[in-house]
Amino acid sequence: MLAQLKMRARCFPRLGCLGLALGTLWPAAAQTVSPLLPDVLTNAAQLRALSPSVAATQRPVRLHGVVTALNPGVSVFIQDDTGGTFLTHIDPSLRSLQPGDEVLVEGVTFPGLFVTGLESAHARKLGRAELPPPVPATYDDLLSGRHHYERVEVAGIVRSVRWESARECPLLTLALGTRKLDVEIVVPGATNLPPLVDAGVRVAGLAGGYINARRQLRSPELLVSRLEDLRVEVPPPAHAFAAPLASSASLLSFNPAGESGHRVRVRGVITHQQLGEALYLRDGADGLLVRTAQRSAVAPGDIVEVVGFPAMGRFGAFLEDAAFRAVGHDAIPLPTSTSVGQVVQGSNDANLVTLEAKLLDVLRAGPESVLVVGEGDTAFRAWLSAPPPALRNGSTLRLTGVCRIGESSLAGPRFRANPLEMELLLRSPADITVLTAPSDWTPQRFVLLLGVLL
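Computed from a predicted structure; not experimentally measured. Here the residue index of a chain counts from 1 through its sequence in written order. Reporting in this predicted model follows two pLDDT cut-offs: at least 70 for local features of residues, and 80 or more for side-chain atom pairs to be given and counted; totals over whole chains, interfaces and linings ignore these cut-offs and use all residues. Excluded from the side-chain calculations are hydrogens and water; all other atoms, namely the structure's heavy atoms, are used.

Peer 1: Give a description of the overall build of the protein that names residues and reports values.
Peer 2: Secondary structure is summarised from DSSP: a helix means a run of H or I of at least four residues, a strand means a run of E of at least two, and numbering begins at the N terminus for each. Helix and strand counts for the protein come out as seven helices and 26 strands. We call a residue buried when its accessible area falls under 20% of the maximum for its residue type, exposed when it is over 50%, and partly exposed in between, using a 1.4 Å probe and counting protein chains only. Out of the 454 residues belonging to the protein, those deemed buried represent 43%. Here, two residues are considered to be in contact whenever any of their heavy atoms come within 4.5 Å of each other. In the protein, the proportion of contacts linking residues at least 24 apart, taken out of those at least 6 apart, comes to 59%. Surface summary for the protein: the accessible area is close to 24,500 Å², and the carbon and sulfur share equals 56%. Accessibility throughout is a Shrake-Rupley quantity obtained with a 1.4 Å probe, and a residue counts as covered only by protein chains that appear here.

Peer 1: So what's going on with the environment of Leu181? Residues and values would help.
Peer 2: Positionally, Leu181 belongs in strand S9 (residues 179-185). On the basis of relative accessibility, which here comes to 0%, the residue Leu181 falls in the buried class. Measuring from C-alpha to C-alpha, the distance between Leu181 and Leu222 comes to 7.5 Å, with 41 residues separating the pair along the chain. Excluding residues that lie within four positions of it along the chain, Leu181 makes contacts with Tyr139, Leu142, Val154, Leu172, Thr173, Leu174, Leu176, Pro220, Glu221 and Leu222.

Peer 1: So what's going on with the packing of aromatic side chains? Which residues, and what values?
Peer 2: Pairs were defined over the aromatic rings of Phe, Tyr and Trp, the Trp ring being its six-membered one, requiring ring centres within 6.5 Å. Orientation was assigned from the angle between planes: stacked under 30 degrees, edge-to-face over 60, tilted for the rest. Applying the stated rule across the entire model yields four aromatic pairs. Here Phe86 and Phe110 contribute two aromatic rings whose centre-to-centre distance is 6.2 Å and whose plane-to-plane angle is 75 degrees, an arrangement assigned as edge-to-face. Taken together, the residues Phe86 in strand S3 (residues 83-87) and Phe110 in strand S4 (residues 101-110) connect sequence positions 24 residues apart. For Phe110, a relative accessible area of 23% corresponds to the partly exposed category. Three or more aromatic residues link up through ring pairs in this structure, and these residues are Phe77, Phe86, Phe110 and Tyr149.

Peer 1: Account for unusual backbone geometry, naming residues and giving values.
Peer 2: Positive phi, normally seen in glycine, also occurs at Asp198, with a value near 80 degrees. With respect to the helices and strands, Asp198 occurs in the loop between S9 and strand S10 (200-211). By relative accessible area, Asp198 is classed as buried at 4%. Positive phi outside glycine occurs at Ala350, with the angle close to 70 degrees. For Ala350, a relative accessible area of 6% translates into the label buried.

Peer 1: Before we move on, could you go through the pattern of salt bridges and cite the residues and values that matter?
Peer 2: Oppositely charged side chains may form a pair once their charged atoms are brought near each other. One speaks of a salt bridge when a side-chain nitrogen belonging to Lys or Arg is within 4 Å of a carboxyl oxygen belonging to Asp or Glu. Applying the stated criterion across every chain yields a total of 26 salt bridges. Notably, a salt bridge pairs Arg202 with Glu233, separated by 2.9 Å at the nearest N-O pair. Of this pair, Arg202 sits in strand S10 while Glu233 sits in strand S12 (residues 230-234), and the two are 31 residues apart along the sequence. Between Asp229 and Arg226 there is a salt bridge, with the nearest N and O atoms lying 2.9 Å from each other. For Asp229, a relative accessible area of 6% gives the class buried.

Peer 1: Got a sec to walk through the nonpolar core? Specific residues and values, please.
Peer 2: To define a nonpolar core, start from buried Ala, Val, Leu, Ile, Met, Phe, Trp, Tyr and Cys residues and group those joined through side-chain atoms within 4.5 Å. Of all hydrophobic cores here, the largest spans 22 residues; its most connected members are Val154, Leu174, Leu181, Val183, Ile185, Val201 and Val203. Of all the secondary structure elements, the ones that give two or more residues to this core are helix H5 (139-144), strand S7 (151-164), strand S8 (169-176), S9, S10 and strand S11 (217-224).

Peer 1: Give me the layout of surface pockets: which residues, what numbers.
Peer 2: Looking at the largest pocket, its volume works out to about 770 Å³. Cavities and pockets were defined on a 1 Å grid built over protein atoms only: a cavity is a set of grid points that admits a 1.4 Å probe from which the probe cannot escape, a pocket is an open set flanked by protein on both sides within 12 Å along at least five of seven lines, and lining residues are those with an atom within 4 Å of any such point. Forming the walls of the largest pocket are 29 residues, and the residues nearest its centre are Phe315, Gly316, Ala317, Gly346 and Asp349. Taken together, the elements giving at least two residues each to the lining of the largest pocket come down to strand S15 (286-291), strand S17 (317-329) and strand S22 (396-405). Top contributing element to the lining of the largest pocket by residue count: S15, with five residues. Across the lining of the largest pocket, the residue classes tally to 13 nonpolar, ten polar and six charged. Grid points are joined across faces, edges and corners, and a volume is the space filled by probe spheres set on the points. Under the grouping applied here, Gly and all other residues not named as nonpolar or charged are polar, the nonpolar ones being Ala, Val, Leu, Ile, Met, Phe, Trp, Tyr, Cys and Pro and the charged ones Asp, Glu, Lys and Arg.

Right, here's the structure in full:
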């Protein structure tokens, strides 16, 4: 019909506009008509193609596939030659299923959070079968959702291993280049894993992830239901702290061989610790931020060795997923005397500094206090995890704390990144010294006194 309308538009010029309008509207009209569905859906591709509204009408399904993964007590995932789907509202016939079971499943469609699945389903086990071969995938492949609830394979470097208390199973963080992916090992009794941090591994599992209220994939994840699907290709170093010592200034600097993606070892003196979150240390004249969940307490002046993965922050390099150990003690580092103008050049990122600024305001941000201070045309925040001393706006303060550079501009000449903002992390109220306070005789108070005298 569309071809006939276009032909008539060519043959009869006066009908050209009408033909063009109908030709434009025809695809939109065609899209509103749902294709005819079979009485019973028989493959995963048919389920995956359903809109949530159609899936909610509980279309009957009879599906032959292989169990690929389990979310114990919640879902069973199956895959056939056309794709993957899942079963929810677990029937007793599903509770004994294991990856590799060949099943015939009957149920009705269910919209799911992201992909259409089956509910009110029951299964008949037909035997055992090979799991579908995993599809090699990148982080962007997983984020696209095209492989959701299907078998995939990724390769990367293990950044951390922690235990998911709710499931009592290990949760790996795997670096795929600069992106990080959570890998959940849902295997009963998976307590004797080999050392994995800093190992190069190849993992096959079910592509899944966390979905928001708008049916969008917020964060991909891999679900592993068999230990044999986790293969160590490059074992981690036998002794992490035996790695060659590197300087903080060398992190992510030019290296003809490129970056390995593995941990490096640095040494420095502690200037500040946020227990279970971060260390700030000084290596020579440079400061360094170390992100670590380790809860060993250290104090300013302690010498520590750190092994961690280099990463680029908003302005400079830091270490993440790090472990550390104390190896000695030195004098407590003195703050580097500087100014706001010098700090915004970016040379003191993560370093302990002292500078002068004028107090503009004091705010509360949850359990923290925020001093809004400035010098010249530069204003910044100084964070304090305690109530500050009594301060008056307009006072000139000497502040001592850890400098943190925020966002940076990439529009500088000669490819130079320039800081756009800064902040200070104050360690205690003792890091605040009032140098000068504003006069008590403000214009408002003078007018009030004059009114009283009159």
